[in-house]
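Observations on the three-dimensional arrangement
Residue strings, one per chain:
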Amino acid sequence: MATRPSPRPDVAAIPRYVPGRRPTPRPGVTTYKLSSNENPFPPLPGVVEAVAEATVRSASYPDPTCPDLYEALEHRHPGRDLLAATGSVALIFHALLAYCRPGDEVVFAWRSFEAYPIAVAAAGATAVRVPLTADGRHDLDAMLAAVTDRTRVVMICTPNNPTGTTVSHSELTAFLRELRDDVLVLLDEAYVEFVRDDDAVDAAAVLEEFEQVVVLRTFSKAYGLAGFRVGYAVGATEVLDPVRAVALPFGVTEVAQAAAVAALAAEDVARVRIDALVSERERVLAGVRAEGWELPVSQGNFVWFPGAGTVEALAAAAEDLGIVVRAYPPDGVRVSIGVPEANDRIIGLARTVRQVVDH
Ligand SMILES: *Cc1c(COP(=O)(O)O)cnc(C)c1O
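With an unreviewed UniProt entry as reference, the protein is termed Histidinol-phosphate aminotransferase, source organism Nocardioides jishulii. Entered under Pathway (unreviewed entry) in the UniProt record, the comment concerning the protein runs "Amino-acid biosynthesis; L-histidine biosynthesis; L-histidine from 5-phospho-alpha-D-ribose 1-diphosphate: step 7/9." Under the Subunit (unreviewed entry) heading, UniProt states for the protein: "Homodimer."

Here is the structure:
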């Protein structure tokens with residue numbers, strides 16, 4: 001019998017990340033990809049120029065200390081340590097790798113970000129999935145009850161991908177006060193810029209009170225830099241240092257650092273675009289609800305159609321209209337907020353599918 005290198009036995013069981021599909025080109029139809037929560041705007045002013053300038057230095061390794069990026073971020077997170085990586089997804093992998101021994105448990109809400117179970121399995125840890133409430137929110141009481149002696153990490157996603165719901169500041173701080181101090185909490189705020197809740201989590205206050213918390217942010221969504229792969233963690237040096245220790249050397253390229261710095265410098269334009277996406281989100285939510293759908297409040301750049309037997313019908317009807325959405329059967333369908341024309345099609349789609357489902 002031929003032998004070959006054998007991987008860790010648990011690796012075969014790791015679920016594969018399914019990327020958002022690209023639309024199939026169709027003659028005469030403008031297609032839209034609303035399956036990956038990408039920003040529909042072109043790069044922010046100054047980004048392309050900064051990137052072009054940085055490519056000149058491509059024969060050299062990037063500066064792993066990200067000096068310009070950390071300087072631009074520092075005043076937003078005074079007194080905290082920062083750690084950039086190739087997207088915040090990399091920080092989730094690295095944090096779990098640094099904090100979990102085989103068999104340790106990682107508690108997170110489900111359904112949530114698809115990368116969580118993959119990262120937990122890759123670290124050799126055990127995923128403990130706590131079902132969302134009926135309205136798509138984190139059930140923090142149940143999550144607290146799921147914490148055992150084996151729990152090393154709790155991941156909280158707010159706004160939650162894919163349901164768009166948030167954890168409030170008072171809910172989170174009440175949870176953290178009850179949680180053992182030696183459990184690492186990854187607070188995934190990938191969509192924080194789109195939040196308009198009055199009682200939204202105040203990450204700075206949380207970091208001030210709870211050293212066990214690491215906040216994760218990304219340039220992929222609000223800043224429209226998904227292709228450059230830059231995210232960062234904010235927290236205490238003692239907590240982030242082990243994560244730094246396991247990180248890949250030279251992950252964030254000079255070009256990606258330049259893109260992120262330029263995007264931060266264009267903050268004013270970014271804000272206008274984020275406001276436009278938020279107002280489109282509200283328009284889509286109102287339009288779709290007017291057709292009889294019960295969508296949860298969303299604070300992200302996407303909306304969530306809960307399942308109830310409509311997942312396949314919605315995804316197929318969207319495909320017919322030249323739109324790719326993200327179906328998570330049987331739970332529901334996530335639709336990213338795109339340009340107004342794409343969003344109009346989603347509202348139209350909600351009407352036609354409702355008519356089919358109701359008859
Ligand atoms: C998109 C997303 C991320 C991060 O994406 P990166 O591109 O890796 O920075 C992290 N968490 C959630 C919940 C996301 O949806």
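That shown, we press on.
1. Details of the packing of aromatic side chains
Per the counting criterion, the structure on display carries 9 aromatic pairs. On the basis of an interplanar angle of 75° and a centroid distance of 4.9 Å, the ring pair of Y191 and F302 is categorised as edge-to-face. On the criterion of sequence distance, the pair formed by Y191 in the loop between β6 (184-188) and α7 (203-209) and F302 in strand β9 (residues 302-306) is long-range, its members being 111 residues apart. Both residues of the pair, Y191 and F302, count as buried.

2. Overview of the site of the ligand
Surrounding the ligand, one finds 13 residues, the nearest of these being D188, Y191, T218, S220 and K221. One of the side-chain N or O atoms of N161 is found 2.8 Å from an oxygen atom in the ligand. Separating an oxygen atom of the ligand from a side-chain N or O atom of S220 is a distance of 2.5 Å. Taking 380 Å² as the accessible area of the ligand by itself, protein coverage stands at 93%. Spatially, the ligand is embedded in the largest pocket.

3. Remarks on the sheet that holds strand β2 (residues 81-85)
As summarised here, the arrangement of the 7 strands in space is β2-β8-β7-β6-β5-β3-β4, forming an open sheet in which the pairing is mixed. Strands with a single pairing partner mark the edges of an open sheet, and in this sheet they are β2 and β4 (126-131). Across the sheet, the mean angle separating the axes of adjacent strands is 25° when strand polarity is ignored. As judged from the 4 bridges shared by strand β7 (residues 213-218) and strand β8 (residues 231-235), these two strands associate in the antiparallel manner.

4. Here's the deal with a negative patch on the surface
Together, D63, D68, E71 and E74 make up a region of like negative charge exposed at the surface. Mapped onto the fold, D63 is located in the loop between α1 (47-55) and α2 (67-74).

5. Notes on the pairing of β4
Of the pairings in the sheet, the one linking strand β3 (residues 105-110) to β4 comprises 6 bridges and is parallel in character. From the neighbouring strand, V106 faces β4, where its bridge partner is A127. Note on the crossover from β3 through helix α4 (residues 115-122) to β4: the handedness is right-handed.

6. Notes on α2
Residues of α2 that are buried include every one of L69, Y70, A72 and L73, and no others. Viewed along the axis of α2, the buried residues span an arc of 160°, placing them on a single side of the element. Relative to its buried face, α2 has exposed residues pointing more than 90 degrees away, namely D68 and E71. Where α2 is buried, its residues meet β2, β8 and α9 (254-265).

7. Focus: the layout of surface pockets
Counted as a void, the largest pocket has a volume near 600 Å³. If you trace the largest pocket, you find 30 residues lining it, with Y17, S36, F113, K221 and R229 closest to the centre. Considering each element in turn, the lining of the largest pocket owes the most residues, 4 residues, to helix α3 (residues 88-99). Its residues assigned to classes, the lining of the largest pocket shows 13 nonpolar, 10 polar and 7 charged.

8. Re empty space enclosed by the protein
All told, the structure shown has 1 cavity of 30 Å³ or more when counted by the stated rule. Empty space within the largest cavity amounts to approximately 50 Å³. Lining the largest cavity we find N39, F41, P42, P43, L44, A222, Y223, G224, A270 and R273. Here the residues of the lining of the largest cavity are counted per class, giving 7 nonpolar, 2 polar and 1 charged. Of the residues that make up the lining of the largest cavity, three or more belong to each of domain 1 (20-43 + 268-358) and domain 2 (47-265).

9. Quick look at the domain arrangement of the protein
The assigned domain composition of the protein is domain 1 (20-43 + 268-358) and domain 2 (47-265). Placing a centre on the C-alpha atoms of domain 1 and another on those of domain 2 gives a separation of 26 Å. For the pair domain 1 and domain 2, the summed buried area comes to about 1,900 Å², and 58% of that belongs to carbon and sulfur atoms. Summed over the shared surface of domain 1 and domain 2, the number is 3 salt bridges. Here D331 ties to R111 by a salt bridge, and the two come within 2.8 Å at their closest N and O atoms. At the level of elements, α10 (267-289), β9 and β11 (326-328) are the ones that each hand at least two residues to the side of domain 1 that touches domain 2. Looking at which element gives the most residues to the side of domain 1 that touches domain 2, the answer is α10, with 6 residues. Counted by class, the side of domain 1 that touches domain 2 contains 10 nonpolar, 7 polar and 5 charged residues.

Cut-offs used in this document
- Residues numbered from 1 in each chain as written.
- Predicted model: local features only at pLDDT ≥ 70, side-chain atom pairs only at ≥ 80, totals over all residues.
- Heavy atoms only, no water.
- UniProt positions renumbered as here; feature names shortened; annotations may be inferred.
- Phe/Tyr/Trp six-rings, centres within 6.5 Å; stacked < 30°, edge-to-face > 60°.
- Helix = DSSP H or I, 4+ residues; strand = E, 2+ residues; numbered from the N terminus.
- Buried < 20%, exposed > 50% of the residue type's maximum accessible area, 1.4 Å probe, protein only.
- Near = heavy atom within 4 Å.
- Polar contact = N/O pair within 3.5 Å; in protein donor to acceptor, adjacent residues only side chain to side chain.
- Areas by Shrake-Rupley, 256 points an atom, 1.4 Å probe, with all protein chains shown as cover.
- 1 Å grid on protein atoms, 1.4 Å probe; cavity = no way out; pocket = protein on both sides within 12 Å on 5 of 7 lines; lining within 4 Å.
- Sits in = over half its atoms within 2 Å of the grid points.
- Pairing = 2+ DSSP bridges.
- Axes fitted to C-alpha atoms, helices over the stretch in contact; angles between N-to-C directions.
- Patch = residues over 30% accessible without salt bridge, like charges linked within 9 Å, V, L, I, M, F, W, Y side chains within 5 Å.
- Salt bridge = Lys/Arg side-chain N within 4 Å of Asp/Glu carboxyl O.
- Lys, Arg positive; Asp, Glu negative; His and termini not counted.
- Charge placed at Lys NZ, Arg CZ, Asp CG, Glu CD.
- Right-handed = clockwise from strand over helix to strand, strands pointing away.
- Arc of directions from axis to C-beta.
- Contact = heavy atoms within 4.5 Å.
- Points joined across faces, edges and corners; volume = space filled by probe spheres on them.
- Nonpolar A, V, L, I, M, F, W, Y, C, P; charged D, E, K, R; others polar.
- Domains from an automatic or database assignment.
- Buried area = accessible area lost by both parts, 1.4 Å probe.

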